[in-house]
Amino acid sequence: KRSRFPKPPPSQRTTSPPPKVEVPPRPPSPQPEPEVESEPEAEVVEDPNAPATITLYLTDMEVRGLADAKFTCATTKPADKVQAKWSRDNSVITSSSKYKMTAEDKTLTLTILKVESSDTGEYACEVDDNKTCGQLTIKEPDAPAINIQQCEVEENAIIVRWSVPEDEQYDNFQLLYSKSFQSVGNRFLESSIFKTVNNIKETECKVLGLSPDSHYRFYVRSSTVWGLSQRSTGVL
């Protein structure tokens, strides 16, 4: 049977258009900045009549005996254009077998050759109205060190060997030794009576006439032109 009512038409799907997206305008590319030409630096012209100024000052130093000590300073003018005056403890010194003075470029140098204890003091370099000072002191020689592993013990004798720093300069050595006695608690008391062997030229010495089965303590001192060093650490 046919229906009384007409069949409704099929529904039609409608689509809405996509939303419009606004694209922001692209910013303009930066323009290169104009190059600015730098002005050339003005050349500094030194006044030839201006007094020299010290730019490098003397410094205090400590050197070992019989080594060379060197004081150095610099000025704003070439060294051959200035009149430098060196002094020690306010007494003017000149080139000699003890002092060597050199001038190179703008550097002035004073060398004290083979310093001794009498060379200690304040050294100064005076250029025009400028003055710089430095103190020189002599470093006390290091005490020798006994090499106990290299010592050789015999029945009634011992060969004691020691070492010294390579940069030290010595005239000779002195060996001191004394007998030690064992007390309560296995402690050794050292006798106050020392025997000495002087004017040793090598870094070893053979000591004869020791009592067998006895204990001795040994020390070494170095001798230089300005005296004796401290004693080394005692070796039993």
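Just above, that's the structure.
Fair warning: this is a prediction, and the values are worked out from it, not measured in the lab. (Residues numbered from 1 in each chain as written. Predicted model: local features only at pLDDT ≥ 70, side-chain atom pairs only at ≥ 80, totals over all residues. Heavy atoms only, no water.)

1. Concerning the overall build of the protein
Part 1 of the argument: For the protein, the count of helices and strands is zero helices and 18 strands.
Part 2 of the argument: Residues classed as buried in the protein amount to 31% of the 236 residues present.
Part 3 of the argument: Once local pairs closer than 6 in sequence are excluded, the contacts in the protein between residues at least 24 apart make up 62%.
Part 4 of the argument: Counting only carbon and sulfur atoms, one obtains 49% of the accessible surface of the protein, whose full area is about 17,600 Å². (Helix = DSSP H or I, 4+ residues; strand = E, 2+ residues; numbered from the N terminus. Buried < 20%, exposed > 50% of the residue type's maximum accessible area, 1.4 Å probe, protein only. Contact = heavy atoms within 4.5 Å. Areas by Shrake-Rupley, 256 points an atom, 1.4 Å probe, with all protein chains shown as cover.)

2. Re unusual backbone geometry
Part 1 of the argument: At Lys114, a position not held by glycine, the phi torsion is positive, near 45°.
Part 2 of the argument: By the secondary structure assignment, Lys114 is in the loop between strand 7 (107-112) and strand 8 (121-127).
Part 3 of the argument: Looking at Lys114, the relative accessible area reads 55%, which means it is exposed.
Part 4 of the argument: Even without being a glycine, Asp128 presents a positive backbone phi close to 55°.

3. A closer look at the pattern of salt bridges
One side chain can pair with another of opposite charge once the charged atoms of both are near each other.
Part 1 of the argument: Under the criterion given, the structure shown has five salt bridges.
Part 2 of the argument: Across the pair Arg161 and Glu204 runs a salt bridge whose closest N-O atoms are separated by 2.9 Å. Of the two residues, Arg161 sits in strand 12 (residues 158-163) while Glu204 sits in strand 16 (residues 204-207), which places them 43 residues apart along the sequence.
Part 3 of the argument: By relative accessible area, which is 18% here, Arg161 ends up buried.
Part 4 of the argument: A relative accessible area of 39% means that Glu204 is categorised as partly exposed.
Part 5 of the argument: One network of salt bridges, with partners in common, ties together Glu152, Arg161 and Glu204. (Salt bridge = Lys/Arg side-chain N within 4 Å of Asp/Glu carboxyl O.)

4. Side note on the layout of surface pockets
Part 1 of the argument: The space that makes up the largest pocket amounts to roughly 300 Å³.
Part 2 of the argument: Every residue lining the largest pocket is counted, 20 residues in all, and those nearest its centre are Val153, Ile158, Ser214, Tyr216 and Phe218.
Part 3 of the argument: Taken together, the elements giving at least two residues each to the lining of the largest pocket come down to strand 12 and strand 17 (215-224).
Part 4 of the argument: Looking at the lining of the largest pocket, the element that brings in the most residues is strand 17, giving three residues. (1 Å grid on protein atoms, 1.4 Å probe; cavity = no way out; pocket = protein on both sides within 12 Å on 5 of 7 lines; lining within 4 Å. Points joined across faces, edges and corners; volume = space filled by probe spheres on them.)

5. A word on the state of the cysteines
Part 1 of the argument: Considering all chains together, one arrives at zero disulfides under this definition.
Part 2 of the argument: Cysteine Cys125 is unpaired, with the sulfur of Cys73 as its nearest cysteine sulfur at 3.6 Å.
Part 3 of the argument: Judged by relative accessible area, Cys125 falls into the buried class, the value being 0%. (Disulfide = S-S within 2.5 Å.)

6. Thoughts on the environment of Ser87
Part 1 of the argument: Structurally, the position occupied by Ser87 is in strand 4 (residues 84-88).
Part 2 of the argument: Taking the relative accessible area as the measure of exposure, Ser87 reaches 9% and is therefore buried.
Part 3 of the argument: Between the alpha carbons of Ser87 and Ala124 there is a distance of 5.3 Å; along the sequence they are 37 residues apart.
Part 4 of the argument: Excluding residues that lie within four positions of it along the chain, Ser87 makes contacts with Val92, Ile93, Glu122, Tyr123 and Ala124.

7. Some words on the pairing of strand 12
Part 1 of the argument: Most of strand 12 is tucked away, with five of its six residues classed as buried.
Part 2 of the argument: As paired elements, strand 10 (residues 145-146) and strand 12 share two bridges and run antiparallel to each other. The partner of Ala145 across the bridge, within strand 12, is Ser163.
Part 3 of the argument: Bridging between strand 11 (residues 152-153) and strand 12 involves two bridges; their strand directions are antiparallel. Looking at strand 12, one finds that Glu152 is bridged to Ile159.
Part 4 of the argument: Between the end of strand 11 and the start of strand 12, which pair antiparallel, lie four residues.
Part 5 of the argument: As defined by bridge partners, strand 12 adjoins strand 16 across four bridges and the pair is classed as antiparallel. Bridging across to strand 16, Arg161 finds its partner in Glu204. (Pairing = 2+ DSSP bridges.)

8. Observations concerning the packing of aromatic side chains
Part 1 of the argument: For the structure on display, the rule yields eight aromatic pairs.
Part 2 of the argument: Aromatic pair Tyr170 and Phe173: ring centres 5.3 Å apart, planes at 45°, arrangement tilted. The residues Tyr170 and Phe173 share a single accessibility class, namely buried.
Part 3 of the argument: What links up through ring pairs into an aromatic cluster is the set Phe71, Tyr99 and Tyr123. (Phe/Tyr/Trp six-rings, centres within 6.5 Å; stacked < 30°, edge-to-face > 60°.)

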